[in-house]
Amino acid sequence: MRSLLAALLLAAALPAAADLADTRRFALVAGEPDGGAGTVRLRYAERDALRIREILSKVGGVRPEDTRLLLSAGAPAFRRALAELVARAADARARGERTLLLVYYSGHAKDGELRLGAGRVGMDELRKALEDAPVDVRIGLLDSCRSGAIARTKGVRPAPTFEVKAPAGGPEGLVLIASSAGDEDSQESDAIGASWFTHHLASGLLGGADASGDGKVTLAEAYAYAYARTVGSTMGSAGGVQHPVFLYDLGGTGDVVLADLAPVAGGLVFPEASEGLYVVLDEAGRAVAEVSKRAGASRRIALPPGSYRVKRRLADDSGLLVSRVSVDRAPVTIQDADMDRVPLERDPQKGFSGRRTALVAGGGAQRFFDRAARDGLFPPATLAGLELAVRDDLGRGLAWGLDAALGGGSGTLRMPGVDGVPVRFAELAGGASLWKPFALGRLTLSPGVRIGFTWLARSFPAGEALPSQHFFTVTPGLTGAAAFRLTRRLSAIGRVRLSYLFYNVDENRSLGFVDGLVGVEYALGE
Amino acid sequence: MRSVNRLALVMATAALAACGDYSTEDLRFLVALPTQDDLRVEVPAQAGGAPGALAACTGGTADVWLRAKPTSDELNASVAFVLGLVDTVRRVPPSVREQDVRGWGPWDDERHPGRELRVFIFRTYPEELAGAPRHAYAFQARVKGTPDDWTTILAGTFDGASASRGEGILLLDFDAIRAVGLDDLDTPSGTELVRYDRGAEPVTVEIILGHEGFGVVDFGYQYAGWADGTGWFAYAFRNPTGDLFMVGAGFDAAGAGDAQIVFQTAGGFTGGYRHCWDAEACLVHVLDPGNYSCATPPCSFGEASACPAVPSSPFPPPPP
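Per-chain numbering applies: the sequence of each chain, read as written, is numbered from 1 onward. Written order decides the labels, with chains lettered from A and ligands numbered from 1. Predicted model: local features are reported for residues with pLDDT of at least 70 only, side-chain atom pairs are reported and counted for 80 or more only, and whole-chain, interface and lining totals are derived from all residues.

In this description a helix means any DSSP run of H or I spanning at least four residues, a strand means any run of E spanning at least two, and both kinds are numbered starting from the N terminus. The number of helices and strands found in chain A is seven helices and 29 strands. Counting other C-beta atoms within 10 Å of a residue's C-beta gives its exposure: the residue is buried at 20 or more, exposed at 12 or fewer, and partly exposed in between, where C-beta atoms are placed from the backbone. Counting the 526 residues in chain A, one finds 47% classified as buried. A pair of residues counts as a contact when their C-beta atoms, built from backbone coordinates, are separated by no more than 7 Å. Across chain A, contacts joining residues at least 24 apart in sequence account for 68% of those joining residues at least 6 apart.

As structure tokens, then:
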């Protein structure tokens, strides 16, 4: 509470903020879900980083060439990128430009260290790097457990005890904002598909924190908003209340503007009369922004063009107000009166961060276990397949998929007393699978079940004067896959399926076959 | 018991979901039926030249041999007629599947409205075949709406697993085809018996026509072919004046040959002579003491040593 008060006081005390264009901005944005041994892989660290990078690019005044995005890149890459940006910022400053360096990190932290995979970056080290950087304004945003420790090292006092100097010129100094206190965990939420702190910080930067209504979100406004919303959101959580903290050692005049909504003309406008918590959802039902406002000044949220749904829970919990809007280049005003009232159970917000979709493509082979079946009915075949995989749609940690494969082969049909007959074999297979992924670092194992169909056909050279034949049947079975994540979107995948086939033309036979596939998985819309 | 019931339910569901004609057993029955290639009579194409159209031959051309190719083509056409019926069962899956039986039909004959056909193939394993199967098949037809009044129009047996590796016999009954109304304008009468043996060299095909038809005379045609291209062919034809010529010719891979010719005039007179010819169908030796084969005696010329080495008939001599 003291931090919030401090931020509010700070926001009120500082003079008008300078424009973004006055300052050359550099940003290092890192998302690191893997904290090494003894840690649980974070689900949304990379998504948090991507979201912040996007916001900084759209409304934060950071040029693409001045941004370094690191996803699961590890400690050495983090140090290299930081050093590079410091050097670039120093060069810019030497040329007479005002400079700002922002470092955002979402990931694990423990015992005073940021944990980037197997590597470590001490919070002391990071803070010292920022302190020593020859940059006018240095900002550290840490969304990790016990990250508040960075604000209490070396005797520096965390807010609310801060001091604002007012020499001539723009703001100068160091600001450190951490998502939780030094003895608190930072929490992710499946409901919003993000960490609480980053989610609220992002919402604030998009306009939710623009308490002054001037179309600019200052550092103090953003912190105040993120603090209030993070505390509010984690109030009843099993992980306990999470209190973001900050260290504000900033001199000069004016506050630091983190976001200027002017470049993004479109978005949603919540008029003066609007009051309450409005949640903005994307088409997949994921929360992309929130606005918590009181009646008074209007508030604009900068959003890229697209379709959104806005919901507000009624104060008496009797239902929701929901509105579907299409955002283009002009702001769309959200009026409560125009929103539809729906029961709570029709909440359009998807849990578990909404479903995640991926495409799998690969090739493989199929082989029946029974030799007689291989020689006389179904020779080994090669297959090429596609699969649509949907995760967290039926429930947390569950995935389902639809697959199709086409293939075939050639061989020799063997019949007693008859010379081998050349045969061409074609197959079309498809199915629906349900599996549960288990993440082990970058490796994900996925056992599951599948119900499929198989259409088989074979034909013979014209000289054999034998008719083409076909067979269709249902093939239930088991499936297992191992996927190794190569990049944020791309994984290498190997899959094995064991399937049952009931053959009933010549005689009733239960046959089993195995098919293996190796390929790549590409995550869509992450 | 519940688990047994569940298993039965699963099996029943799977059975209902499975469909198709993907049957290796069907193929085993089908490979026992002869194809056009199995029954083909093949004589060198050189024997198809028109008499007199070949390069000038000092001793004259082997006109009798030059009738061999057209005759073999017509015989092959008659076999194609038979196999056209057989091929029907290769186009549709069987309607009856039992351990050693396959059945097709009945289906309507498109070319003869009001008639329908059916086919059965039975498989047995007689002791004399030492484990190899014997297939017996029958093609039957009837006028639709006449229950149990099926007429067998084609019947055959085959010993061996594959028509390309065994021996068989089939009989096409043209009279039965006429009786059931499946005949066309060019349908001959009588029967056509085809006996073939592809189990060992030489491959043999015998076609016995009971009546003239398909452009060839009624005769017991015999063909034997060896892998090296040599062969033996017994055939018959009539000349424009109606005289019947019956020829037993051996030939080599190049088309040179040695034939014994027996003729019977329309008036009943019979005689015979020997022709030998080279690869150009030029006569190299004629043994014709009766001077039947030329207009200006003596017809005989050359030495027997000029005759090419050709196979002799592998068929047993006809009973006296």
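Past the structure itself, the notes keep going.
Time to look at the overall build of chain B. Within chain B, the secondary structure is distributed over four helices and 15 strands. When the 320 residues of chain B are sorted by exposure, 35% land in the buried category. Of all intrachain contacts in chain B linking residues separated by at least 6 positions in sequence, the fraction that spans at least 24 positions is 46%.

The next point concerns the packing of helix α5 (residues 196-208) of chain A against helix α6 (residues 219-233) of chain A. All names here are of chain A. For every element, the axis is a line fit to its C-alpha atoms; helices are fit only across the contacting stretch, and the angle between N-to-C directions ranges from 0 to 180 degrees. Put simply, α5 and α6 touch, their axes get as near as 8 Å, and they point 140° apart. As far as their axial angle goes, α6 and α5 are oblique. As α5 packs across α6, the resulting crossing turns out to be right-handed. Contacts from W196, F197, H200, L201, G204, L205 and G208 in α5 reach E221, A222, Y225, A226, R229, T230 and S233 in α6. Here the contact of α5 with α6 is composed, by residue class, of seven nonpolar, five polar and two charged. Roughly parallel refers to an angle under 35 degrees, roughly antiparallel to one over 145, roughly perpendicular to one between 65 and 115, and oblique to any angle outside these ranges. Should the near helix be turned counterclockwise from the far one by less than a right angle, the crossing is left-handed, whereas a clockwise turn marks it as right-handed. Residues were grouped as follows: Ala, Val, Leu, Ile, Met, Phe, Trp, Tyr, Cys and Pro as nonpolar; Asp, Glu, Lys and Arg as charged; and all remaining residues, including Gly, as polar.

On to the environment of G107(A), then. Residues and elements named next belong to chain A. With respect to the helices, strands and loops of the structure, G107 is situated in strand β3 (residues 98-110). Residues G107 and G35 lie 72 residues apart in sequence; the distance between their C-alpha atoms is 7.1 Å. If sequence neighbours within four positions are ignored, G107 has contacts with A30, G31, E32, P33, G35, L42, A45, L114, R115, L116 and S144.

All names here are of chain A. Note on placement: L314 falls in the loop between β17 (306-313) and β18 (320-327). Overall, L314 belongs to the partly exposed group, with 13 C-beta atoms counted inside 10 Å. For L314 and G276, which are 38 residues apart along the polypeptide, the C-alpha to C-alpha distance reads 8.4 Å. In contact with L314, not counting residues within four places along its chain, are G319, L320 and L321.

Before going further, it helps to spend a moment on α5(A). Here α5(A) is 13 residues long, yet its end C-alpha atoms lie only 15 Å apart, well below the 18 Å a rise of 1.5 Å per residue gives. The element α5(A) is largely enclosed, with a buried count of 13 among its 13 residues. Expected helix span is computed as 1.5 Å times (number of residues minus one).

In this assembly, 24 residues from chain B lie in contact with 22 residues from chain A. Residue assignment for the side of chain B that touches chain A shows that the elements contributing at least two residues are α1 (2-17), β1 (19-20), α2 (24-30) and α3 (68-91) of chain B. Only when DSSP finds a minimum of two bridges between them are two strands counted as paired. Both strand β27 (residues 469-485) of chain A and β1(B) contribute to a ladder of two bridges, which runs antiparallel. Paired with F471(A) across the strands is G20(B), a residue of β1(B).

Remark on secondary structure: sheet strands pair via backbone hydrogen bonds, oriented parallel or antiparallel. Residues and elements named next belong to chain A. Spatially, three strands are ordered β16-β13-β19 in an open sheet, and the strand pairing comes out mixed. Only two strands of the sheet have a single neighbouring strand rather than two, namely β16 (299-301) and β19 (331-333). Sheet twist, expressed as the average angle between the axes of neighbouring strands with direction ignored, equals 25°. Both strand β13 (residues 267-270) and β16 contribute to a ladder of three bridges, which runs antiparallel. Residue pairing across strands places V269 opposite R300, the latter belonging to β16. Across the sheet, α5 touches β13 and β16, and the angle it forms with β16 is around 115°.

It is worth spelling out the sheet that holds strand β14 (residues 276-281) of chain A at this point. Residue and element names in this part refer to chain A. Spatial strand order, β15-β14-β17-β18-β20: five strands in an open sheet with antiparallel pairing. Each end of this open sheet is capped by a strand with a single partner; those strands are β15 (287-293) and β20 (340-342). Between one strand axis and the next, the sheet turns by 25° as a mean value, whatever way the strands run. The pairing of β14 with β15 spans six bridges and is antiparallel. What sits directly across from G276, in β15, is K293.

A word on the packing of helix α2 (residues 45-58) of chain A against α5(A). In a pair of packed helices, the angle between the axes and the distance between the axes together describe the arrangement. All names here are of chain A. Contact geometry for α2 and α5: axes closest at 10 Å, N-to-C directions at 15°. The orientation of α2 relative to α5 falls into the category roughly parallel. Taken as a pair, α2 and α5 cross one another with a handedness that is left-handed. Between α2, through D48, R51, I52 and I55, and α5, the contact on the second element is made entirely by T198, A202, L205 and L206.

In this section: the nonpolar core. For this entry, the nonpolar core is defined as buried Ala, Val, Leu, Ile, Met, Phe, Trp, Tyr and Cys residues connected by C-beta atoms within 7 Å. Judged by nonpolar contacts, the single largest core of 97 residues is most densely connected at L101(A), V175(A), L205(A), A222(A) and V280(A). Segmentation into domains, and thus their bounds, comes from an automatic or database assignment. Three or more residues apiece are contributed to this core by two domains, here domain 1 (2-257) and domain 2 (267-346) of chain A. Those residues in contact with V280(A), other than ones at most four positions away along the chain, are L268(A), V288(A), A289(A), E290(A), I301(A), Y308(A) and V310(A). In terms of nonpolar packing, the next biggest core, distinct from the first, is built from 65 residues, F158(B), L172(B), Y221(B) and Y223(B) among them.

Moving on: α2(A). All names here are of chain A. Over its 14 residues, α2 runs 20 Å from end to end, which matches the ideal 20 Å to within 8%, given 1.5 Å per residue. Within α2, ten of the 14 residues are buried, which leaves the element mostly enclosed by the surrounding structure. Taken together, the buried positions of α2 are A45, E46, R47, D48, A49, R51, I52, R53, I55 and L56.

Residue-level confidence of the predictor is what pLDDT reports, using numbers from 0 through 100. Residues at a pLDDT of 70 or more form 89% of chain A, whose mean pLDDT is 84. Low pLDDT (under 50) marks residues 1-17 of chain A, which in the prediction has 42 contacts with non-local residues, meaning those over four places away or in another chain.

With glycine set apart, most residues show a phi of negative sign, and most peptide bonds adopt trans. The omega angle of the peptide bond from E201(B) to P202(B) is -5°, so this bond is cis rather than trans. At D111(A), a position not held by glycine, the phi torsion is positive, near 50°. Mapped onto the elements, D111(A) comes out in the loop between β3 and β4 (113-116). For A130(B), which is not a glycine, the phi torsion comes out positive at approximately 50°. On the neighbour-count criterion, A130(B) (7 C-beta atoms within 10 Å) is exposed.

All names here are of chain A. Looking at the element boundaries, R79 is found in helix α3 (residues 75-94). On the basis of neighbour counts, which here come to 16 C-beta atoms within 10 Å, the residue R79 falls in the partly exposed class. Sequence-wise, R79 and E125 are 46 residues apart; in three dimensions their C-alpha atoms are separated by 9.9 Å.

Turning our eyes to something else, we now look at the confidence of the model for chain B. Low-confidence regions, as indicated by low pLDDT, have predicted coordinates that should not be scrutinised in detail. Across chain B, the average pLDDT comes to 87, with 91% of residues at or above 70. Both scores are given for the predicted complex: the pTM is 0.60, the ipTM 0.74.

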